[in-house]
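# Structure at a glance
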Amino acid sequence: MIRRPYLPLTWLPLSGLVAVLSLALTACTDREAADATSAKAVAASDSPIHPEVWPEVQWPLAPDEALEARVNALVASMTLEEKVGQTIQGDLASITPDDVRKYRLGSILAGGNSHPGGRYNATPQAWLEMADAFWEASMDTRGGGKPIPIIWGLDAMHGQSKVVGSTLFPHNIGLGATRNAELVRRIGHITAIETRTTGMEWTFAPTVTVPRDMRWGRSYEGYSERPKLVAEYARAMVEGLQGKAGEPGFLGDDRVMASIKHFVGDGGTFEGHDQGDTRISEAALRDIHAAGYMTGIAAGAQSVMASYNSFNGIKLHGYQALLTDVLKGRMHFGGFVVGDWNGHGQIPGCSPQNCPAVYRAGVDMPMAPDSWKGMYESTLAAVKEGRLAMERLDDAVKRIVRVKLRMGLFEQPKPSLRPYGGKFELLGAPAHRAVARQAVRESLVLLKNDNGILPLAPTQRVLVAGDGADNVSKQSGGWTLNWQGSGTKRADFPHADTIYEALKSQIDAAGGSTELAIDGRYRQKPDVAIVVFGEDPYAEFQGDIPNRLYKSGRGQDLALIQQLKRDGIPVVSLFITGRPLWVNQEINASDAFAAIWLPGSEGGGVADVVLRNPQGAQQHDFKGKLSFSWPARADVSSIDDTGYVAQFPFGYGLRYQDDGNLAALSEQSGVTASASDESVLFHRGVASAGIQARVLDAEGHVAGASHAPVTVSALDFKAQEDARSIKWAGEQAGAWELSSSPPKDFERQANGELLLTVTLRIESLPSQGPVEAYVSGGGKRGALQIASWLQSLPHKQWFTAGIPLKCFRKQGADLRKLDMPFGIRSAPGLELSIHQVQLGVAADQRLDCPTI
């Protein structure tokens, strides 16, 4: 049993607890009162935690007296400043090697959008040189500091997916469909090797969430909706990354430290909201959502990441009963707990720069990416003033340095001189890609195969269509080179095959022919068409959706399939997706339909299964089985909801010998075709559901058509009348705005660094007078003067402009209740053509927030 450094409040009788809190609050300073807020919330919970009902886990590493002696001696010799520094993790974009020298920080992370030199496609050599520079700073003793090697953490989510040229494996949802834990273990080992080449020792993986509501934008990070499968894979991936505990090579040169995440319940939030509230019983939290932690800890995972979500209203980063009493106590977890990106700032009474409560709850290393300096200073003050016990700080430091010692980091040279440092030939090595290709083959799930159309003879004339056909970015999804996986180009993936490239290679070799036509407009009528389509890349925040309707009912892909069918061409549909979505219309319109998930760099794995060999024999069968059930309707999204019905149940997946004929599916989705993604305000020239476009006069009143200072007319962009021409043609100022009923809550999206993006063309600007972009709601308005910015942007051409949501918040807007989520006010003379307004993470042109 891990010794607890303090008495958990949840062990007190309610009467005693109230008395303790009352006395504490009476005597508190303002800062102490804030510190107590989180503990009070736990005490008042309607779902208290009972550690004794949670299973005990056997930590696999035997006690090591020599190791403990080194840990104790080192920590005893450290100054308070060194101890605090060791517990703080800052982000690459906000820290320098000199900062590490001065503050003796224990860890650096490379966040989703953080890269050497700020370049998402930085070279492997740049990564390695950066790792060397920070290591040298951590070992520099000229200022009197102790040489404690820094440890690097990053999101190697599906391979070493931060670095150009790496092997990109299918995301976890695809791996779950393989039902091959040994394959997952091999993938973990390859990921570790490729990560080590660039000097990193720690990946924030695997995600062992058990997603229940596919509206959640991180669903594809989960292996399955079934806890048993997640538990099996958690052990396999941890062992692949770290090696097997107790065996030679554990945490060796070809391995990295794993982080099982996010503890706990992130996949069970209400309505699938990212960072939301998991409103379930303690038994459900334990039996469903904790399954992967039990096996991951039993496999020796050295780190656990705390979750953003709440459990029945209490933020996990501040939940002592779960982080300390259950995780470290009942489960005997012997590694350290790391926070998530400023997650401690969400604890009541805390801010990203000040949160001693997160340590008291049980987090050992708060992730303070851009707030690390404030967190360092406030934590130092909290210990000096007695608001954070030295015993708790020492426990955190010991856990961190113990892991570093287990990994042998104190004995190793700088990253470039380690056994795998700089061996960039291992990035995307043929043997590694072969394993990824196998994973793709085994992950594909066949849902329909009318008249046995698959596998296809490669001697035919084959049309390859759809926007996913020749697109590595789309087939790889989020967490690929950058956070959302967007804005990349083909050259960023030198060791990859698109699905079209792989199909063409095999078809050409067999004597057939291929034609690539993304929009389906072929030059010569084909014998068969393969249409590759699906979700665009996304990660957290951006990936949340309001229902299970594919692309909110916008049917460009369906129209493409239907047109090919009208031309008398058989259609094989390959659906790229991070979750099962309602696509009954697309399935009905297709002769064959397969879910290929987010396959990664190896399009060849898809071609291996859907094509015969040149002699006409089957190459590889479909092996994948659904690890998440497929919905029969789009309006019932959680498998725990009353009324949820599976169109295809968990475990479904056809093989070639099966009867693949499928009766027509219901095309009643349960939601209207106009239902819009919450992030989309204006699409193809039309306001989304719940949004109204309107014109205001100079006094801010809704203007009648006959006296409007702004005129709006239809305009063609990509299709007929899919944009609007907006002209400030009157003699007075006016505004064009989008109003929302009910109001939008974009507060968490702003915390996630999302942009308000506008796809537009600038036709003309006012000769004089202001132009402002604004949002408002709840009686608060935030406006930005953008005339000079617009002047600097391209004219007479289409592009996407982005304004960070946080800029409007800095100007006074309340982003929690926006009844007017976008508007432009201008003097006469402005003319814009606008196609779309939505939240996003990428833009061709981005406005920097003004300094306030």
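Note that the structure is predicted; figures quoted are calculated from it, not measured.

## Examining the overall build of the chain
Across its full length, the chain carries 24 helices and 31 strands. Along the three orthogonal principal directions, the C-alpha set of the chain runs to about 75 × 75 × 55 Å. For the chain, the residues scored as buried account for 62% of the 852 residues in total. Carbon and sulfur atoms provide 50% of the accessible area of the chain, an area that totals close to 30100 Å².

## A word on the sheet that holds strand β5 (residues 257–263)
The parallel open sheet is built from 7 strands, whose spatial order is β1-β2-β3-β4-β5-β7-β10. The open sheet terminates on both sides in strands that have one partner only, identified here as β1 (89–91) and β10 (336–338).

## Quick look at the packing of helix α8 (residues 181–197) against helix α16 (residues 430–443)
Here α8 crosses α16 at 145°, and the two axes come no closer than 10 Å. Where α8 crosses over α16, the two elements pack in a sense that is left-handed. Contacts between α8 and α16 involve L183, R186, I187, I190, I193 and E194 from the first element and H432, V435, Q438, A439 and E442 from the second. Taken together, the residues of the contact of α8 with α16 break down into 6 nonpolar, 2 polar and 3 charged.

## Observations regarding unusual backbone geometry
Cis rather than trans, the peptide bond between F263 and V264 has omega equal to -5°. As for its position among the elements, V264 is in the loop between β5 and β6 (277–278). The omega torsion across L454 and P455 is 0°, close enough to zero to call that bond cis. Among the secondary structure elements, P455 is positioned in the loop between β11 (445–449) and β12 (461–465).

## Structural notes on the pairing of strand β27 (residues 780–785)
Two elements, strand β26 (residues 771–777) and β27, share 6 bridges in a ladder whose sense is antiparallel. Each bridged residue has a counterpart across the sheet, and for A773 the counterpart in β27 is L784. The hairpin formed by β26 and β27 contains 2 residues between the paired strands, and G778 there has a positive phi angle of roughly 60°.

## Topic: the sheet that holds strand β13 (residues 513–516)
Spatially, β11-β16-β15-β14-β12-β13 is the arrangement adopted by the 6 strands of the open sheet, whose pairing is mixed. Either end of the sheet is taken by a strand with one partner, and the two such strands are β11 and β13. Between one strand axis and the next, the sheet turns by 20° as a mean value, whatever way the strands run. Pairing of β12 with strand β14 (residues 528–534) involves 4 bridges; the strand directions are parallel.

## Some details on the environment of H262
Relative to the assigned elements, H262 resides in strand β5. Placed 46 residues apart in sequence, H262 and Y308 show a C-alpha to C-alpha distance of 7.7 Å. Contact partners of H262, with chain neighbours within four places excluded, come to R218, E221, Y293, M305, A306, S307 and D340.

## Remarks on helix α18 (residues 499–510)
Taking 1.5 Å of rise per residue, the 12 residues of α18 would be expected to cover 16 Å, and the 17 Å separating its terminal C-alpha atoms lies within 8% of that figure. Among the residues making up α18, those that are buried are I499, Y500, A502, L503, Q506, I507 and A510. For α18, the angular spread of buried residues about the axis comes to 165°, placing them on one side. Downstream of α18 by a residue or two, G511 has a phi angle that is positive, lying close to 95°.

## Quick look at the confidence of the model for the chain
With 93% of its residues at a pLDDT of at least 70, the chain reaches an overall mean of 91. Every residue in residues 1–47 is under pLDDT 50, and counting partners more than four places away or in other chains gives 68 contacts.

## Things to note about the pattern of salt bridges
According to the stated counting rule, one finds 50 salt bridges in the structure shown. Put simply, R392 and D395 hold a salt bridge, and the shortest N to O gap is 2.8 Å. Of this pair, R392 and D395 both sit in helix α15 (residues 390–406), 3 residues apart, roughly one helical turn. On the basis of relative accessible area, R392 is assigned to the buried category, the value being 4%. The salt bridge involving D492 is made with K489; its shortest N-O contact spans 3.5 Å. In the salt-bridge network here, residues are joined through shared partners; they are K328, D364, R392, D395 and R399.

## Details of helix α11 (residues 291–298)
Counting buried positions over the 8 residues of α11 gives 8, a clear majority of the element. For α11, every residue scored as buried is listed here: A291, G292, Y293, M294, T295, G296, I297 and A298. Buried-residue contacts for α11 involve α9 (227–242), β5, α10 (282–289), β7 (303–306) and α12 (320–330). Immediately beyond the C-terminal end of α11, within one or two residues, lies G300, with a positive phi of roughly 95°.

## Some remarks on the state of the cysteines
Under the definition given, this model contains 2 disulfides. Note that C807 is cross-linked by a disulfide to C849, the S-S spacing being 1.9 Å. Across the S-S bond of C807 and C849 the torsion is about -90°, and the bridge reads as left-handed. A residue pair is termed long-range when its members are at least 10 positions apart, and C807 in helix α24 (residues 805–810) and C849 in the segment after β31 (845–846) qualify at 42 residues. With relative accessibility at 1%, the residue C807 sits in the buried group. The cystine pairing of the chain, numbering bonded cysteines in sequence order, is 1-2, 3-4.

Rules and cut-offs
- Going along each chain's sequence as written, the residues are numbered from 1 onward.
- Predicted model: local features are reported for residues with pLDDT of at least 70 only, side-chain atom pairs are reported and counted for 80 or more only, and whole-chain, interface and lining totals are derived from all residues.
- Neither water nor hydrogens contribute to the side-chain values; these are computed over all heavy atoms in the structure.
- Only DSSP runs of H or I with at least four residues qualify as helices, and only runs of E with at least two residues qualify as strands; both kinds are numbered from the N terminus onward.
- Whether a residue is buried, partly exposed or exposed follows from its accessible area with a 1.4 Å probe, protein chains only, as a fraction of its type maximum: under 20%, in between, or over 50%, in that order.
- We get accessible surface area from the Shrake-Rupley algorithm with a probe of 1.4 Å; when it comes to residues, only the shown protein chains can shield them.
- At least two bridges found by DSSP between two strands are what make those strands a pair.
- Angles run from 0 to 180 degrees between N-to-C directions of axes, and those axes are lines fitted to C-alpha atoms, restricted for helices to the stretch in contact.
- The handedness criterion is simple: a crossing whose near helix is rotated anticlockwise from the far helix by less than a right angle is left-handed, and one whose near helix is rotated clockwise is right-handed.
- In what follows, residue pairs with any heavy atoms lying within 4.5 Å of each other are defined as contacts.
- In this classification, Asp, Glu, Lys and Arg are treated as charged, Ala, Val, Leu, Ile, Met, Phe, Trp, Tyr, Cys and Pro as nonpolar, and every other residue, Gly included, as polar.
- A helix's residues, less one, multiplied by 1.5 Å, set its expected span.
- The arc in question is formed by the directions pointing from the helix axis toward the C-beta atoms.
- Every residue is assigned a pLDDT by the predictor, reflecting its confidence on a scale from 0 to 100.
- Throughout this description, the term salt bridge denotes a Lys or Arg side-chain nitrogen within 4 Å of a carboxyl oxygen of Asp or Glu.
- A pair of cysteine sulfur atoms is labelled a disulfide when the two atoms are within 2.5 Å.

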